[in-house]
2 protein chains.
Amino acid sequence: MARIDEVAAAAGVSISTVSYALSGKRPISPDTRRRVIEVARRLGYAPNAGARMLAGRLTHIFALTEPLRRETHAPTHMSFVLAAAVAARRHDYDILLLTDQQASDGMRRVTASGLVDAILVLDVAPDDERVAIARSIATPTVFIGIPDDHEGLDCVDLDFEAAARLAVDRVADAGHTRVALLGQPATTYRLSNFPPRVRRTVAQRADERGLRHTFATSGEVVTDADAVRTAVIDALDSGATALLLHGVDDMHAVVLATLAERVRRIGVDVSIVSIAASFDTTKLPTQIDTIPLIPEASCDLAVDLALARIDDPRRETGIHLVAPEYRDAGSVAPPLQD
Amino acid sequence: MARIDEVAAAAGVSISTVSYALSGKRPISPDTRRRVIEVARRLGYAPNAGARMLAGRLTHIFALTEPLRRETHAPTHMSFVLAAAVAARRHDYDILLLTDQQASDGMRRVTASGLVDAILVLDVAPDDERVAIARSIATPTVFIGIPDDHEGLDCVDLDFEAAARLAVDRVADAGHTRVALLGQPATTYRLSNFPPRVRRTVAQRADERGLRHTFATSGEVVTDADAVRTAVIDALDSGATALLLHGVDDMHAVVLATLAERVRRIGVDVSIVSIAASFDTTKLPTQIDTIPLIPEASCDLAVDLALARIDDPRRETGIHLVAPEYRDAGSVAPPLQD
DNA sequence: TTGTAAGCGTTATCAC
DNA sequence: GTGATAACGCTTACAA
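Residues numbered from 1 in each chain as written. Chains lettered and ligands numbered in written order. Predicted model: local features only at pLDDT ≥ 70, side-chain atom pairs only at ≥ 80, totals over all residues. Heavy atoms only, no water.

Across the five residues that make up strand β2 (residues 94-98) of chain B, a large majority, five, are buried. Along β2 of chain B, one buried face is formed by D94, L96 and L98 of chain B and the opposite face, lined by I95 and L97 of chain B, is buried too. Two elements, strand β2 (residues 94-98) of chain A and β2 of chain B, share three bridges in a ladder whose sense is antiparallel. Across the sheet, residue L96 of chain A finds its bridge partner in β2 of chain B, namely L96 of chain B. Two strands pair when backbone bridges link them, and strand β1 (residues 61-65) of chain B and β2 of chain B are joined in this way by five bridges, in the parallel orientation. Within β2 of chain B, the position partnered with A63 of chain B by the bridge is L96 of chain B. In the classification by handedness, the crossover that spans β1 of chain B, the intervening helix α5 (residues 74-89) of chain B and the parallel β2 of chain B is right-handed. (Buried < 20%, exposed > 50% of the residue type's maximum accessible area, 1.4 Å probe, protein only. Helix = DSSP H or I, 4+ residues; strand = E, 2+ residues; numbered from the N terminus. Pairing = 2+ DSSP bridges. Right-handed = clockwise from strand over helix to strand, strands pointing away.)

We now examine the pattern of salt bridges. Scanning the model with the defined rule gives 45 salt bridges over all chains in all. Residue R52 of chain A pairs with D92 of chain A through a salt bridge whose shortest N-O separation is 3.7 Å. With R52 of chain A in helix α4 (residues 49-55) and D92 of chain A in the loop between α5 (74-90) and β2, this residue pair connects regions lying 40 residues apart in the sequence. A residue is classified by how much of its surface remains accessible, and R52 of chain A, at 31% relative accessible area, is partly exposed. In this structure, R205 of chain B engages D169 of chain B in a salt bridge whose closest nitrogen and oxygen atoms are separated by 2.9 Å. (Salt bridge = Lys/Arg side-chain N within 4 Å of Asp/Glu carboxyl O.)

Moving on: the relation of the copies chain A and chain B. At an RMSD of 0.2 Å, chain A and chain B line up after a rotation of 180° and a shift of 0.0 Å along the axis. Accordingly, the operation relating the two chain copies is best matched by a two-fold axis. Comparing interface residues between copies, 100% of those in chain A also sit at the interface in chain B, which points to an isologous, same-surface contact. (Least-squares fit on C-alpha atoms with pLDDT ≥ 70 in both. Contact = heavy atoms within 4.5 Å.)

For chain A, the assigned domains are domain 1 (4-45), domain 2 (61-157 + 295-322) and domain 3 (160-292). Computed over C-alpha atoms only, the centres of domain 1 of chain A and domain 2 of chain A are separated by 35 Å. (Domains from an automatic or database assignment.)

All names here are of chain A. Strands sit in the order β7-β6-β8-β9-β10 across an open sheet of five strands; the sheet is parallel. Looking at the sheet topology across the chains shown, the edges are occupied by β7 (212-216) and β10 (289-291). Here the average twist between neighbouring strands, direction ignored, is 20°. Where strand β8 (residues 242-245) lies against strand β9 (residues 271-275), four bridges are found, and the strand directions are parallel. Considered in β9, the bridge of L243 is made with I272. Contacts from helix α8 (residues 160-173) reach β6 (178-182), β8, β9 and β10, with the element oriented near 175° to β9. (Axes fitted to C-alpha atoms, helices over the stretch in contact; angles between N-to-C directions.)

The next point concerns the protein's contact with DNA strand D. Near DNA strand D you find 26 residues, and of these I4 of chain A together with T17, R26, P27 and S29 of chain B are the closest. With respect to DNA strand D, the side chain of R26 of chain B contributes an N or O atom lying 2.7 Å from a base oxygen. Of all the elements in the fold, those that place two or more residues in the surface near DNA strand D are α2 (15-23) and α4 of chain A together with α2 (15-23) and α4 (49-55) of chain B. Counting residues per element, the surface near DNA strand D draws most heavily on α2 of chain A, at four residues. Its residues assigned to classes, the surface near DNA strand D comprises 12 nonpolar, nine polar and five charged. (Near = heavy atom within 4 Å. Polar contact = N/O pair within 3.5 Å; in protein donor to acceptor, adjacent residues only side chain to side chain. Nonpolar A, V, L, I, M, F, W, Y, C, P; charged D, E, K, R; others polar.)

Following this line, the structure appears as structure tokens:
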């Protein structure tokens, strides 16, 4: 816990020189600069957080609000938290957790006390209560996910619509005429913002491309192996030759197991594309085409946006979509001729 | 973002009176006290975090370090994070996330900058690198979990040994002479601190009570349904009449499914106790006896310990174990006579 | 290129 | 019971 004056004394310079040498906010002769940095390192100096907050304009802390609903898929959520933390650290920011039952209270609190420079919002619901709070506070707020009412908000997300179209187009181009979408558990279509976006767009695009399409959830609240199994079998029985998956790892595992059991060769008898999977699909027993949801991409962008907004609070808000990327693993092939 | 001087002016008192009226750190006449509080509320006043840190002794922030290894069971981990956050908020503390690859860097950083009053350590490994850091820094540090080398450390945890004994005793008392322990995935026995403790104690106690016992993991890295299924069948075939479970929800589901498939009635043909389950076992298809691992209990205690240590840095360190509690659901019965 | 000094908004130590 | 006021450790004009 060395202080700036100790560093200054040890380096034989003034306090402000130390501050400037370390922050680089004004030119310092390379020589003293080096000396200051060396001394600071030796003494293990780090600016006192409270003093920095008070004197500077910034706290170097982001709040991260996460409702942690029971329906939330924990592993996915954790990779977003981790990605946000890593992105923040790259810019010398720390993450303060806001898990209050009413996240709103926390947002108001950190705003009122000036504890954070910006707020990142995770796990966004279609009718998220945090939208109203975000509008009522001065602290820059970035949503990772898109609520229904997003007028005047900064939002970041994978372009789920583009991803869905990409998936449909791929199987349509390969010649498939019947596709089945196996989706998330039913509750997430009410509680989360992106499952409905995928479902809607797949249906639209399939219609545009003249494909017959069906849809099934993967259970009620969490992945229900029986439900998934039944859905896969129904899809096959109804003549679907291409399966679009939008779900978590468990669901993928059950789908692959069911296909194996039915002796359907992936990329031969049946084509598969996984849309917006946030887990490592290369860990699956069979490799499948994926349009991944990359938490790092969204979180990096969200942090950039937050910083830009801190820098210029009057800049224009808007939705920023991350372009989807198709990863071919050979799981899509032309349908077999009967 | 009203400031204290605005509150003082509006209430017609001095700045220090506002501070004391709000903190209660010195007697204030009930009358002015009420008035100050009312004005503060009306103006939405909250002390500036930076100023409070600088002037006061405290930051009102805990760091929470979590390595977030791939082997970590995300839902369990999240319930600990949540429990820690809730416990902290009860004492007007916030949680700062430390997810650095090397958590050690983060611990040093927040210590050097005086960003936090104490550090809570989650997901403790037997040979945790954070032990050395904790010893080298002045910031109070509380481990939630017990590393092998815990000399001079503050640790909090469920009394896994007592829980294991409780489980063995229960089935022994019911008359069982052959028990099988179905444990965690193999890797956690190296990477985590508590699975070996349960395994070791079950074996010891079973020996003491004259029971024959076997042990099987539930997979390599994560729950492997086939491995669990095989382990259950092997256990039954080898004559085990009581199953002790120490694992996550997936594993429990597979065990119950396998027993159902083999037409073994729980609490009749076979007895079951789940040791240190951190999920909601009442959500399982069949109710089973449980000695739950309650994150709230550990985290509340950890926060209390941290606060006590902040208050008196010289107080004695030590291990604090949470007593296990047996929850009877009728899944243990005397073994059937052949 | 560097040094001096005025805040930043609290808490805590004095007085009264 | 209440009011001045000196820290707290830094950032950042303003001087030199």
